[in-house]
Each structure stands twice: as structure tokens, then as C-alpha cells.
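What follows is each chain in one-letter form.
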Amino acid sequence: MSTEKLPKKLGKNEIVLREHEFDGIQEFDQKLPNWWLFSFYGAIVFYIGYWFIYYSTDLLPTEVESINARMTVIETAKKKELEAMMDKLDDSVLLTWSQEDSITKEGEDVYKQFCIACHGATLEGGIGRSLVDAEWAHGSQPMDILNIVLDGTPADSQGYNGQKMTPWKDALGPEKCAKVTAYLISQNPHIEK
Ligand code: HEC
């Protein structure tokens, strides 16, 4: 182990070591580079400024405000999409769609994913009502069927065996709701097409 003392300063741009040593290991004692110090002080100044602006002024939106603003944008877009779809659709469009294989195929995929659990593999019903009989609790016209898919059990309904259906328009969007409705119509033998 060397006990020889190292000079404290060796000159500019050269290594400066602290005087202590342990197991032959010594420590640097350099001045921090200016770029590092400036970023550090800059971060402190930025923090104070940002803190002040964020908490003491209304210039920056809080997280809740920016989430709410984004939700409003999404909701407006969804509403527009629904309105555009509802403008496009009527009973005869849904009947035409129910004859188009490419559309009913998409509807069938939606049905298998989201509806089959309650309405059964052959649409015979179960927890939900049968969709292949001639009985419609909430209207038998194509748009009536679409509306219950979009909005779920109407407020005045007693439900079916005490069960109600949730609305699907937010989870699926209007287009998928319309396509699954076209599929239901295509499968129901009592609806004249
Ligand atoms: C959690 C179970 C459940 C799921 C999942 C479900 N439904 Fe329903 N559905 C019901 C119930 C219960 C009713 C009866 C509601 C009522 O009469 O108030 C119903 C009613 C309906 C009706 C009206 C039937 C009639 O005779 O008037 C249609 C149409 C319908 N569902 C379509 C769908 C479609 C399409 C999907 C998939 C996107 C779906 N349902 C998913 C439970 C479900």
C-alpha cells in the first residue's frame, strides 16, 4: 500500500484526486464540467418557473382538465359518427344490408364476439330474448331493432326474466351495431326482406 501523498492539484485539465485512499482506490475530486452545471441550474430554474405557472396561474391545463378536454373531443367525434350513420340508415337500407354477404359476415363476427353469450349460437335466446322468433318486445322494424342494440333496454322495459341489455353504441360504435343488426335481420325468417 502506497502511503505517498499525491499533490492536490496537478494543473488544468488534469486529474485531481482526493487525498484519502482505501485498498489502493482513490477518488476523483474534479470540478464538474460547465455543461453539466448549466443543465443542472437550468433544470432548477425551469422547475421553479414551471411549478409557479402550473400551480399559481391558469396558463397550463391540469391533468384532469386535459383528460376532460380529450374526452370531449372523443365524445364529439363519436356523436358525429353516430349522427352520420343514423342519417344514412333507414329500414330499407338495413334490409338491403341484410342481403349483402360481406356486411352480414362482419355482423356475424360481431355477434359471435359480443352477443352469443346471451342470445345463443343459433340466436335462439337464453339470458337474452330469442332473435329468430316473430316476437319483438321493442318493435319489429329494422330501425327498432337497431335502436335497441344501440341504446340497450329502454327505460320503461321490465327486461326479460329480470335481465336487461346494456347499450352497445359506445362499446361497438354505430357501424358495427348496424352491421350486427343486418345480420340479425338476415337470420330471422319472419322479417320480410
Ligand atoms: C348480457 C347479456 C346480453 C348480451 C351480451 C346481449 N344481449 Fe341483447 N338482450 C339481452 C336481454 C336481457 C334482452 C331483453 C331486454 C329487454 O327486453 O329489456 C336483450 C334484447 C335484445 C334485443 C331485442 C329483442 C326483442 O325481442 O325485442 C336485440 C335485438 C338484442 N338484444 C340484440 C343484441 C345484440 C346485437 C347483442 C350483441 C351486440 C346483444 N344483444 C348482446 C341480453 C343481452
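Residues numbered from 1 in each chain as written. Predicted model: local features only at pLDDT ≥ 70, side-chain atom pairs only at ≥ 80, totals over all residues. Heavy atoms only, no water.

- Naming follows an unreviewed UniProt entry, where the protein chain appears as C-type cytochrome of Oceaniferula flava.

### Brief notes about the pattern of salt bridges
Moving on, step 1. Under the defined criterion, the tally for this structure stands at six salt bridges.
Moving on, step 2. A salt bridge links Glu-108 to Lys-112; the shortest N-O distance between them is 3.2 Å. Of the two residues, Glu-108 and Lys-112 both sit in helix 4 (residues 101-114), four residues apart, roughly one turn of that helix.
Moving on, step 3. The partner of Lys-169 in a salt bridge is Asp-151, with the nearest N and O atoms 2.7 Å apart. (Salt bridge = Lys/Arg side-chain N within 4 Å of Asp/Glu carboxyl O. Helix = DSSP H or I, 4+ residues; strand = E, 2+ residues; numbered from the N terminus.)

### Thoughts on the packing of helix 4 against helix 7 (residues 169-187)
Moving on, step 1. Interaxial distance between helix 4 and helix 7 falls to 7 Å at its minimum, and their mutual angle equals 100 degrees. The angle between helix 4 and helix 7 places the two elements in the roughly perpendicular class. Two secondary-structure elements touch here, helix 4 through Ile-103, Thr-104, Glu-106, Gly-107, Glu-108, Val-110, Tyr-111 and Phe-114 and helix 7 through Leu-172, Lys-176, Lys-179, Val-180, Ala-182, Tyr-183, Leu-184 and Ser-186.
Moving on, step 2. Split into classes, the residues belonging to the contact of helix 4 with helix 7 amount to nine nonpolar, three polar and four charged. (Axes fitted to C-alpha atoms, helices over the stretch in contact; angles between N-to-C directions. Parallel < 35°, antiparallel > 145°, perpendicular 65-115°, else oblique. Contact = heavy atoms within 4.5 Å. Nonpolar A, V, L, I, M, F, W, Y, C, P; charged D, E, K, R; others polar.)

### Quick notes on the side chain of Ser-157
Moving on, step 1. Tracing the chain through its elements places Ser-157 in the loop between helix 6 (142-151) and helix 7.
Moving on, step 2. According to the relative accessible area criterion, Ser-157 is buried, its value standing at 8%.
Moving on, step 3. There is a polar contact of 2.8 Å between the side chain of Ser-157 and the backbone nitrogen of Gly-159. (Buried < 20%, exposed > 50% of the residue type's maximum accessible area, 1.4 Å probe, protein only. Polar contact = N/O pair within 3.5 Å; in protein donor to acceptor, adjacent residues only side chain to side chain.)

### Some details on the site of the ligand
Moving on, step 1. As a matter of local geometry, the ligand sits amid 26 residues, with Cys-115, Cys-118, His-119, His-138 and Met-165 nearest to it.
Moving on, step 2. At 3.0 Å, a backbone N or O of Ala-137 approaches an oxygen atom of the ligand.
Moving on, step 3. In this structure, an oxygen atom belonging to the ligand sits 3.1 Å away from a side-chain N or O atom of Thr-153.
Moving on, step 4. For the shell around the ligand, the elements supplying multiple residues, two or more each, are helix 5 (116-119), helix 6 and helix 7. (Near = heavy atom within 4 Å.)

### A short note on the coordination of the iron atom of the ligand
Moving on, step 1. Distances from the iron atom of the ligand to its protein donors, His-119 (NE2) and Met-165 (SD), fall at 2.0 Å.
Moving on, step 2. Classification of the site at the iron atom of the ligand rests on its six donor atoms, whose angles at the metal span 84 to 179 degrees, yielding the label octahedral. Of the two residues, His-119 is situated in helix 5 and Met-165 in the loop between helix 6 and helix 7; the sequence distance between them amounts to 46 residues. (Donors = N, O, S within 2.8 Å, 3.2 Å for Na, K, Ca; no water. Tetrahedral: all angles 85-135°; square planar, octahedral: opposite > 155°, others 65-115°.)

### Comments concerning the pairing of strand 1 (residues 17-22)
The two faces of the sheet receive side chains in turn, since in a regular strand these alternate between them.
Moving on, step 1. With three bridges connecting them, strand 1 and strand 2 (residues 25-28) associate as antiparallel partners. Of the residues in strand 2, the one forming a bridge with Leu-17 is Phe-28.
Moving on, step 2. The turn linking strand 1 back onto strand 2 is made up of two residues, and Asp-23 within it adopts a positive phi angle of 55 degrees. (Pairing = 2+ DSSP bridges.)

### Some remarks on the nonpolar core
Moving on, step 1. Leu-89, Leu-94, Trp-97, Tyr-111, Leu-146, Cys-177 and Leu-184 are the most contacted members of the largest nonpolar core, which has 26 residues in total.
Moving on, step 2. Contributing elements (two or more residues each) for this core: helix 2 (63-88), helix 3 (91-97), helix 4, helix 6 and helix 7.
Moving on, step 3. Of all the elements, helix 7 adds the most residues to this core, at eight residues.
Moving on, step 4. For Leu-89, the contacting residues outside a window of four places in its chain are Leu-94, Trp-97, Met-143, Leu-146 and Ala-178. (Core = buried A, V, L, I, M, F, W, Y, C linked by side-chain atoms within 4.5 Å.)

### Quick word on helix 7
Moving on, step 1. The terminal C-alpha atoms of helix 7, which comprises 19 residues, lie only 21 Å apart, well short of the 27 Å expected from a rise of 1.5 Å per residue.
Moving on, step 2. All buried positions along helix 7 are accounted for by Leu-172, Gly-173, Pro-174, Cys-177, Ala-178, Lys-179, Val-180, Thr-181, Ala-182, Tyr-183, Leu-184 and Ile-185.
Moving on, step 3. In this structure, the buried residues of helix 7 make contact with helix 2, helix 3, helix 4 and helix 6. (Expected span 1.5 Å × (residues − 1).)

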